[in-house]
Amino acid sequence: MNRFAGTLTLTRFALRRDRVLLPVWIVIFPLLTVSSASATVALYPDEASRIIAASAINDVPVAIAMYGRIWDPTSLGALSLLKLAAMGGVMIGILAIMLVTRHARAEEEKGRTELIGSAVVGRWAGLSAAVIVTCTAMVAIGALSAVGLTAVGLPAAGSWAFGLAWATTGMAFAAIAAITNQLTVSARAANAMAMIILAVAYLLRAVGDISSDESSPSVLSWFSPIGWGQQVRPYAGDRFAVLFLPLVFTAVALWAAFLLESRRDLGGGLLPDRAGRGTAAPSLASPLALAWRLQYPMLVGWLAAYVILSGIVGSIVNDLSGMLDTPEARRMVAALGGTDVMLDAFTAMEFAMIAFVTAAYGIVAARRLATEESDGHAEPVLATSVSRTSYLVSHLLVALVGTALLALAQGASFGLATAAQTGSMDRVGATVAASLSYLPAIWLMTGLVILLFGFVPRLTFLAWVLLVGFFLVAEIGALLEWPQWVMDTSPFAHMPKLPAAEMAWTPLVVLTILSAALMAVGAWRFRQRDLDTP
Amino acid sequence: MSAAIETVDLVKTFGHTKALDGLSLTVKEGEVHGFLGPNGAGKTTTLRCLLGLLRADSGSATVLGRDTWRDAVELHRHLAYVPGDVSLWPNLTGGEVIDLLGRLRGGLNGQRRAELIEIFDLDPTKKSRAYSKGNKQKVALIAALASDVELLLLDEPTAGLDPLMESMFRTLILEWRGEGRSVLLSSHILSEAEALSDRLSIIREGRIVETGTLEQMRHLRRTSVTAHLRATPVGIDALTGVHEVVVEGTHLTCQVDAEALDGLLPLLSTFGIEAIVTQPPSLEQLFLQHYGQAST
């Protein structure tokens, strides 16, 4: 039998399953690009203002580490899409990874591939369909972005260079996910492994870009799919030839993935599943212990990433004070949302952004309640003498304590790394206080999940939609001059912006009470309702 | 004997579907009660109502003298449940799941646990994701049977077990009953229910349509009679309570109401009986009668 037989049918089936989600993503990415570009176009009307803004980035290692270098300071396009080249590359990489895993390993883990595999379907059809759907989405996002960018008045060649760079970056990560999907048995682990590679790719280009000179980055950036996207240099040379790197990489990685696919059993992974313990640890005797057992591996991974990344940012933030002391740089940082003192402004800016990531962890951890229920894992637990309340509180506590630990790790690691550079522990307290001060807003998102879970567990994903909305408010709301009441809807907007601004207790107390109320209502409702069993 | 399970007029609707439509079920203490019905009749919904996982719209349900919804937590200390579709945490080993569920219920008999693992031939060190359907079921069964509880609720517990394990299961359930404990056994495997149950209830479209011992159920049904006679029988179909009479030469088959046997046998003896076989209705026939299909 042809190993690709049935690919077309499975592709159509995958598109049918994603008929809502996929178009949403395909529209959101170009929309984000176009709106952010059109806002910047208005900000920098002449070349002189662009050169000043570009040098404010190019002179600051932290900014280069986060976003990359602006290769042509006169280019409007290069300036306006700076954030979306690196950060957007990460986001599109995440999307590609999730899409491939959703249609390949997740299907297999749930046993649906087995059902399909018994029909006239080739061994490679499932993975092919996943890759085809993902790559098509990537190309659609790239093309729509290019058309949109041209429409707002940026040069067509640069716009296509940007769109294709995005598309090929996404394809490269789709291919990476295709490989990790062969290695692990669980979809969760396949995703995690690919995400780690994504993080390494981002860091590689960060280090490579910092050590770059005016004309070329260090060799490290050339080892990163995100670096490749940036080295296409949209609007600053438009080096289309660089696109061959991700394309060749994608082809080779996919070939490897298919080779691995033929070497393993259905449902199996190439990495062996080790035997575990025959009896449970004595501590595994409560719903909380179970929630912790299920969730700690993910929390440990997040904590490690937080300590490392915050440490890196914290250690280079010290360079900032010297290099940023120019009027232009001050204005740039102020425009990015900071205030007075440079160091504090940068810290406040970075912490405000990380707060969204911490909130994302809280949502993932609390949503575990919903997935446990829909996977049928809640049923046997609630059939023992565990009350609804203590069951709900178990996962809620993991979310609350987990987010607090992450905030603590972020602030402490950031502060200590700075202290190691300056030799003074002065700022550690301030950075810890700053990261912890976002907890009320973060917990409000957790509370939202609990509220939704109490009423309709299938709708807990709405917390994600709101988080993305609040993130957009914070990141581009000011640029696009959204009305104040829109900006005020975000709980994150009401946080005191430590350490740049004064501490304000009122919003913290109000949001804490509000999130406690959401959790209480959600828990009350969960006690009343039917368990949603598969 | 008091009731281990007692539901009165239980109603449960999901949207427009009436899953339970006035279900009244009584399980006596110390009995194995077979709960029969095809897929979709409401067996699993009943069990989930008994566990307080679903809240009935109306009617009452008490298990071991406690309200299934209000006193769920306390009640669950005294019962163990094996779901029909066992879904385990893929990262936990079978041994961990057994211990966890046992402890959450309030304790596990360690020696019993070891025996059961031996009997069922389960490798408790394997991660749950590596288990087959049958092995997952064994994990849930061991967790339930190793608990020191008064009542077992089993939802098609042997669907994934091989015949050897199934017969082990039967022995264990009979042992369990021998200790004076109760079992509600939901099943659509009639031979299993027939072999294990003291009493049976048949559920159809959310209602109990018949309940009692197999003997009682049979008593109300027609017995099938096959006879070889010396002469060709005549006038059999004229008797009241005798149905489906087929005469081929001296060979007769018919279905006879229980109270009509008295009239039939003397008549048959007038033709001279060479051989006669009477067969009570099988559970399958009883069951199929309720589902409006021809008995075979």
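Computed from a predicted model, the values in this text were never measured in an experiment.

Cut-offs and rules
- Residues numbered from 1 in each chain as written.
- Chains lettered and ligands numbered in written order.
- Predicted model: local features only at pLDDT ≥ 70, side-chain atom pairs only at ≥ 80, totals over all residues.
- Heavy atoms only, no water.
- Helix = DSSP H or I, 4+ residues; strand = E, 2+ residues; numbered from the N terminus.
- Rg over C-alpha atoms; globule rule 2.2 N^0.38 Å.
- Buried < 20%, exposed > 50% of the residue type's maximum accessible area, 1.4 Å probe, protein only.
- Areas by Shrake-Rupley, 256 points an atom, 1.4 Å probe, with all protein chains shown as cover.
- Lys, Arg positive; Asp, Glu negative; His and termini not counted.
- Charge placed at Lys NZ, Arg CZ, Asp CG, Glu CD.
- Polar contact = N/O pair within 3.5 Å; in protein donor to acceptor, adjacent residues only side chain to side chain.
- Contact = heavy atoms within 4.5 Å.
- Domains from an automatic or database assignment.
- Pairing = 2+ DSSP bridges.
- Axes fitted to C-alpha atoms, helices over the stretch in contact; angles between N-to-C directions.
- Phe/Tyr/Trp six-rings, centres within 6.5 Å; stacked < 30°, edge-to-face > 60°.
- Buried area = accessible area lost by both parts, 1.4 Å probe.
- Expected span 1.5 Å × (residues − 1).
- Core = buried A, V, L, I, M, F, W, Y, C linked by side-chain atoms within 4.5 Å.
- Parallel < 35°, antiparallel > 145°, perpendicular 65-115°, else oblique.
- Left-handed = near helix turned anticlockwise from the far one by under 90°.
- Nonpolar A, V, L, I, M, F, W, Y, C, P; charged D, E, K, R; others polar.

(A) Quick look at the overall build of chain A. Helix and strand counts for chain A stand at 23 helices and 0 strands. At 24 Å, chain A has a C-alpha radius of gyration in line with the 24 Å of a compact globule built from 534 residues. Referenced to the eigenvectors of the C-alpha coordinate spread, the extents of chain A come out at roughly 65 × 60 × 45 Å. Out of the 534 residues in chain A, the part that is buried amounts to 53%. Carbon together with sulfur atoms contributes 70% to the accessible area of chain A, which is approximately 22,200 Å² in total. Side chains of chain A give 33 positive and 33 negative charges; the mean places of these two sets differ by 11 Å.

(B) Layout of the side chain of K12 of chain B. Secondary-structure assignment places K12 of chain B in strand β1 (residues 3-14). Polar side-chain contacts of K12 of chain B include one of 2.5 Å to the side chain of D530 of chain A. Every residue in contact with K12 of chain B, bar those within four places of it in the chain, is listed here: D530 of chain A together with T17, K18, A19, L20, T45, C49, L54, R55, A56 and D57 of chain B.

(C) Representation of the domain arrangement of chain A within the structure. When the domains of chain A are assigned, the result is domain 1 (4-30 + 89-269) and domain 2 (285-534). Taking only C-alpha atoms into account, the centre of domain 1 of chain A sits 28 Å from that of domain 2 of chain A.

(D) Seen up close, the environment of G454 of chain A. Residue and element names in this part refer to chain A. Along the chain, G454 falls in helix α20 (residues 439-455). Its relative accessible area of 0% is what places G454 among the buried residues. Along the chain, G454 and F29 lie 425 residues apart, while their C-alpha atoms are 32 Å from each other. Setting aside residues up to four positions removed in sequence, G454 forms contacts with G522, R525, F526 and R529.

(E) Region of interest: the sheet that holds strand β5 (residues 66-67) of chain B. Residue and element names in this part refer to chain B. Taken together, 4 strands build an open sheet; the order of strands is β2-β1-β4-β5 and the sheet is antiparallel. Each edge of the sheet is formed by a strand with only one pairing partner; in this case those strands are β2 (17-28) and β5. Pairing between β1 and β2: 9 bridges, direction antiparallel. When the sheet's bridge partners are listed, L10 is paired in β2 with L23. With respect to the sheet, helix α1 (residues 43-50) is in contact with β1, β2 and β4 (58-63), its orientation differing from that of β1 by roughly 115 degrees.

(F) Region of interest: the packing of aromatic side chains. Residue and element names in this part refer to chain A. Counted under the stated rule, the structure contains 14 aromatic pairs over all chains. Geometrically, the ring pair formed by F162 and W166 is tilted, given 5.0 Å between the ring centres and 45 degrees between the ring planes. A residue pair is termed a helical-turn pair when its members lie 3 or 4 positions apart in one helix, as F162 and W166 do in helix α10 (residues 156-183) at 4 residues. For the pair F162 and W166, a shared accessibility class is recorded, and that class is buried. Here the aromatic rings of W228 and F249 are separated by 5.4 Å at their centres, their planes lie at 65 degrees, and the arrangement is edge-to-face. Linking W228 in helix α12 (residues 225-231) with F249 in helix α13 (residues 244-262), this pair joins segments that are 21 residues apart in sequence.

(G) Expanded view of the sheet that holds strand β6 (residues 79-82) of chain B. Residue and element names in this part refer to chain B. Judged by pairing direction, the sheet is mixed, and its 6 strands sit side by side in the order β6-β7-β8-β3-β9-β10 without closing on themselves. Two strands lie at the open edges of the sheet, namely β6 and β10 (207-212), each paired on one side alone. Taken over all neighbouring pairs, the strand axes of this sheet differ in orientation by 15 degrees on average, direction set aside. Here β6 pairs with strand β7 (residues 151-155) via 4 bridges, running parallel. Residue L79 lies in a different strand from β7, and its bridge partner there is L151. Its contacts with the sheet place helix α10 (residues 283-290) against β3 (32-36), β9 (199-204) and β10, and it is angled at close to 30 degrees to β9.

(H) Focus on the interface of chain A and chain B. Across the boundary between the two partners, chain A contributes 40 residues, which contact 35 residues of chain B. Buried area between chain A and chain B, summed over both chains or domains, comes out near 3,200 Å², and the portion from carbon and sulfur atoms is 54%. The tally of links from chain A across to chain B stands at 25 residue pairs in polar contact (both at pLDDT 80 or more). Going through the elements one at a time, α14 (287-323), α17 (378-382) and α23 (505-528) of chain A are the ones with two or more residues in the side of chain A that touches chain B.

(I) Representation of helix α18 (residues 388-422) of chain A. Under the 1.5 Å per step criterion, the end-to-end length of α18 of chain A is 51 Å for 35 residues, consistent within 8% with the ideal 51 Å. The positive-phi residue at the C-terminal boundary of α18 of chain A is G423 of chain A, with phi of around 75 degrees.

(J) Quick look at the domain arrangement of chain B. Structurally, chain B comprises domain 1 (3-217) and domain 2 (222-279). One C-alpha centre belongs to domain 1 of chain B, the other to domain 2 of chain B, and the line joining them spans 43 Å.

(K) Region of interest: the pairing of strand β13 (residues 251-256) of chain B. All names here are of chain B. A one-sided burial pattern is seen for β13, the buried positions being L252, C254 and V256 and the unburied ones H251, T253 and Q255. Bridging between strand β11 (residues 223-229) and β13 involves 6 bridges; their strand directions are antiparallel. When the sheet's bridge partners are listed, T226 is paired in β13 with T253. The sheet contact formed by strand β12 (residues 242-248) and β13 spans 5 bridges and is antiparallel. Counted as the bridge partner of V247 is L252 from β13. Between the antiparallel neighbours β12 and β13 lie 2 residues, among them G249 with a positive phi of about 65 degrees.

(L) Main features of helix α3 (residues 94-105) of chain B. All names here are of chain B. Its 12 residues give α3 an end-to-end C-alpha distance of 17 Å, which sits within 8% of 16 Å, the value for a rise of 1.5 Å per residue. In terms of residue burial, α3 counts as a mostly covered element, since 11 of its 12 residues are buried. Looking at α3, one finds that the buried residues are G94, G95, E96, V97, I98, D99, L100, L101, G102, L104 and R105.

(M) The arrangement of the nonpolar core in detail. Counting residues in each nonpolar core, the largest one holds 201 residues, and the members touching the most others are F492 of chain A together with I5, W89, L152, L153, L154 and L184 of chain B. Counting residues per element, this core draws most heavily on helix α16 (residues 342-374) of chain A, at 15 residues. Ignoring any residue separated from it by four or fewer positions in sequence, one finds F492 of chain A in contact with A355, F356, A359, Y438, A441, I442, M445, L467 and F470 of chain A. A227, V242, V256 and A260 of chain B belong to the second largest nonpolar core, which has 12 residues in total.

(N) Structural context of the packing of helix α6 (residues 82-103) of chain A against α10 of chain A. All names here are of chain A. Their axes nearest at 8 Å, the elements α6 and α10 cross at an angle of 40 degrees. In terms of their interaxial angle, α6 and α10 are classed as oblique. For the pair α6 and α10, the crossing hand works out as right-handed. When α6 is examined against α10, the residues L84, A85, G88, G89, I92, G93, A96, I97, V100 and T101 are found in contact with a partner set consisting of F162, W166, T169, G170, F173, A174, A177, A178 and N181. Residues belonging to the contact of α6 with α10 are distributed by class as follows: 12 nonpolar, 7 polar and no charged.

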